[in-house]
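# Structure assessment
Chain by chain, the residues:
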Amino acid sequence: MGKKPQGWALRVDQRTGNYTVRFRAPDGRRVHRSTGTADRKDALRVAAALYEEHLTGRPAPALERLFALWLAEHEARIKPPTLKRYAEQVRLHIVPFFETYEEITDATVQSFIAYRLKNVKAATVNRELTVLRQFLRWSQLHGFREHALAVPSAPQRAAGTKHKNGGQRTVELSPEQVAALLEALPEVTPRGKAPARDFVRVVYETALRYRTVAELEAPRHYRKGRSELVVTDDIDKAGYGRTLPLTPRAREALDRHAPRRGLVFGRVDLRAAFKAAGRAVGLPEEDVPHLSFHDFRHARLTEIGGVADLPTTAFIAGHKHVTTTSRYVHPHRRKAEAALAALAGPKSTSGHEAGHGDESRPR
């Protein structure tokens, strides 16, 4: 590697198609770094700059540039929705906090955790720390950092600062309550710029996540008159693309708003509308501040779980693991009693008739 006239050599990473540059640093360490590009001319320029930085001892490249190189190198191995989420976490939270690469230390990482826990839950912070952890591991492997930095996880008990509405929790809704809430919701948002009732109706009827419904486009995901909805990987949280059949109510709601081309709904804010609707239908006052889109999805999945098996419910929900679905589907006592009674047979209507008094029967 070091025998090249210019002191470095280019190689093509077969996984990503991007060029990487290899050379020996002045201290004898082997350096292997991605140029972040598949264009040879661009790669030559980047390689020369990277090599010069090591020889002259200049400060490390800007933090944004390093993250860009890391994301580019992992582009072929990370699913598009995950890559998009990584980029957003880097741009919105990680880079603005640390500002420079040298500022990423044990102390500043702890400060980052404490700062983020003031605004979001521990689970969200841990996802951001996973990105930071993977980036630092990559940067050490490529010669940017000499010593490893152990990035801890956020405290499990930390739940972040509660929202103004008192925190988030699931509000259990019956089908009757869902119907009443839909009627109590306004047809459009308070400023009249976006659909309100039909948006929530589609969330409920399809059991899709809020973000997925907000990013539905015509004709890519839905075309007027269609009886099915195409959920692509890029709009699904788990990257679980699938085609879902639509109920008549969901179809009607989509048809009222689907353009020939473009977003069907877009993002809407119904926090105030949910509170007003909750009070209008008589929800317990302690539940009113917590009512959200997720509760309609949760209610629908609970209904579906009452008539469908777990794998089918997981497919509709977009869960890759049925263990996730099991947290949505509540046990149905009456169904359990009916199932046990059917297995026991028509003669066994109580514990005494099932043979508990017959001591001569083998056990």
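Now for a description of the structure that goes with this document. Being a predicted model, the structure only gives us computed values, none of them experimental.

### Regarding the pattern of salt bridges
Under the definition given, this model contains 14 salt bridges. Salt-bridge contacts for Arg300 lead to Glu205; the nearest nitrogen and oxygen are separated by 3.3 Å. Here Arg300, found in helix α11 (residues 293-307), pairs with Glu205, found in helix α7 (residues 197-206); they are 95 residues apart in sequence, far enough to count as distant. Among the residues examined, Arg300 registers a relative accessible area of 16% and is labelled buried. With relative accessibility at 9%, the residue Glu205 sits in the buried group. Salt-bridge contacts for Glu285 lead to Arg279; the nearest nitrogen and oxygen are separated by 3.1 Å. Since its relative accessible area comes to 47%, Arg279 is described here as partly exposed. Here the salt bridges share partners, and the residues they tie into one network are Asp198, Arg201 and Arg256.

### Concerning the packing of aromatic side chains
In the structure shown here, the tally under the stated rule is 17 aromatic pairs. On the basis of an interplanar angle of 35° and a centroid distance of 5.4 Å, the ring pair of Phe98 and Phe112 is categorised as tilted. Taken together, the residues Phe98 in helix α3 (residues 80-98) and Phe112 in helix α4 (residues 106-117) connect sequence positions 14 residues apart. Neither residue differs from the other here; Phe98 and Phe112 are each classed as buried. Centre to centre, the rings of Tyr210 and Phe293 are 4.7 Å apart; their planes meet at 35°, and the pair counts as tilted. A residue pair is termed long-range when its members are at least 10 positions apart, and Tyr210 in helix α8 (residues 210-214) and Phe293 in helix α11 qualify at 83 residues. You can call Tyr210 partly exposed: its relative accessible area is 21%. With relative accessibility at 12%, the residue Phe293 sits in the buried group. Grouping aromatic residues by their ring pairs yields a cluster made of Phe67, Trp70, Tyr86, Tyr101, Phe135 and Trp138.

### Thoughts on the environment of Asp106
Among the secondary structure elements, Asp106 is positioned in helix α4. Distance from Asp106 to Pro152, taken between C-alpha atoms, is 9.2 Å for residues 46 residues apart in sequence. For Asp106, the residues in contact, after removing those within four places along its chain, are Leu149 and Ala150.

### Observations regarding the packing of α11 against helix α12 (residues 310-317)
With their axes 9 Å apart at the nearest point, α11 and α12 run at an angle of 155° to one another. For the element pair α11 / α12, the angle class is roughly antiparallel. Judged by the sense of rotation from one axis to the other, the crossing of α11 with α12 is right-handed. For the pair formed by α11 and α12, the contact residues are Arg297, Leu301, Ile304 and Gly305 on the first element and Thr313, Ile316 and Ala317 on the second.

### Some points on α12
All of the buried residues along α12 are Thr313, Ala314, Ile316 and Ala317. Looking straight down α12, one finds that the buried residues subtend no more than 160° of arc, so they occupy a single side. Tucked inside the fold, the buried residues of α12 contact α7, β6 (242-245), α11 and α13 (322-325). Note on α12: the residue one or two positions beyond its end, Gly318, has a positive phi of about 85°.

### Focus: the environment of Val12
By the element assignment, Val12 lies in strand β1 (residues 9-12). Not counting residues within four places of it along the chain, the set of residues in contact with Val12 comprises Gly17, Asn18 and Tyr19.

### Observations concerning the environment of Leu66
When you line up the elements, Leu66 lands in helix α2 (residues 63-73). Leu66 sits 35 residues away from Tyr101 along the chain, and the two C-alpha atoms are 8.4 Å apart.

### Regarding the pairing of strand β5 (residues 228-231)
Side chains Leu229 and Val231 project from β5 onto a buried face, and the interleaved Glu228 and Val230 project onto a face without burial. Across 4 bridges, the pairing between β5 and β6 is antiparallel. Residue pairing across strands places Leu229 opposite Leu244, the latter belonging to β6.

Criteria and thresholds
The written sequence of each chain sets the order in which its residues are numbered from 1. With pLDDT at 70 or above as the cut-off, local features in this predicted model cover only qualifying residues; side-chain atom pairs require 80 or more to be listed or tallied, and sums for whole chains, interfaces and linings still use all residues. Computation of side-chain values covers all heavy atoms of the structure but excludes hydrogens and water. By convention in these notes, a salt bridge is any Lys or Arg side-chain nitrogen within 4 Å of a carboxyl oxygen on Asp or Glu. Every helix listed is a DSSP run of H or I at least four residues long, and every strand listed is a run of E at least two residues long, numbered separately from the N terminus. Three exposure classes are used, based on accessible area relative to the maximum for each residue type with a 1.4 Å probe and protein chains only: buried under 20%, partly exposed in between, and exposed over 50%. A pair of Phe, Tyr and Trp rings is counted when the ring centres sit within 6.5 Å of each other, with Trp represented by its six-membered ring. The angle between the planes then sorts it: under 30 degrees is stacked, over 60 is edge-to-face, the rest tilted. In this analysis, two residues are considered to be in contact whenever any of their non-hydrogen atoms come within 4.5 Å of each other. Helix axes use the C-alpha atoms of the stretch in contact, all axes being lines fitted to C-alpha atoms, and the angles between their N-to-C directions lie in the range 0 to 180 degrees. Our angle categories are set so that under 35 degrees counts as roughly parallel, over 145 as roughly antiparallel, 65 to 115 as roughly perpendicular, and the remainder as oblique. We call a crossing left-handed when the near helix sits turned anticlockwise from the far one by less than a right angle, and right-handed when that turn is clockwise. To obtain the arc, one takes the directions from the helix axis to the C-beta atoms. Strands qualify as paired when DSSP identifies two bridges or more between them.

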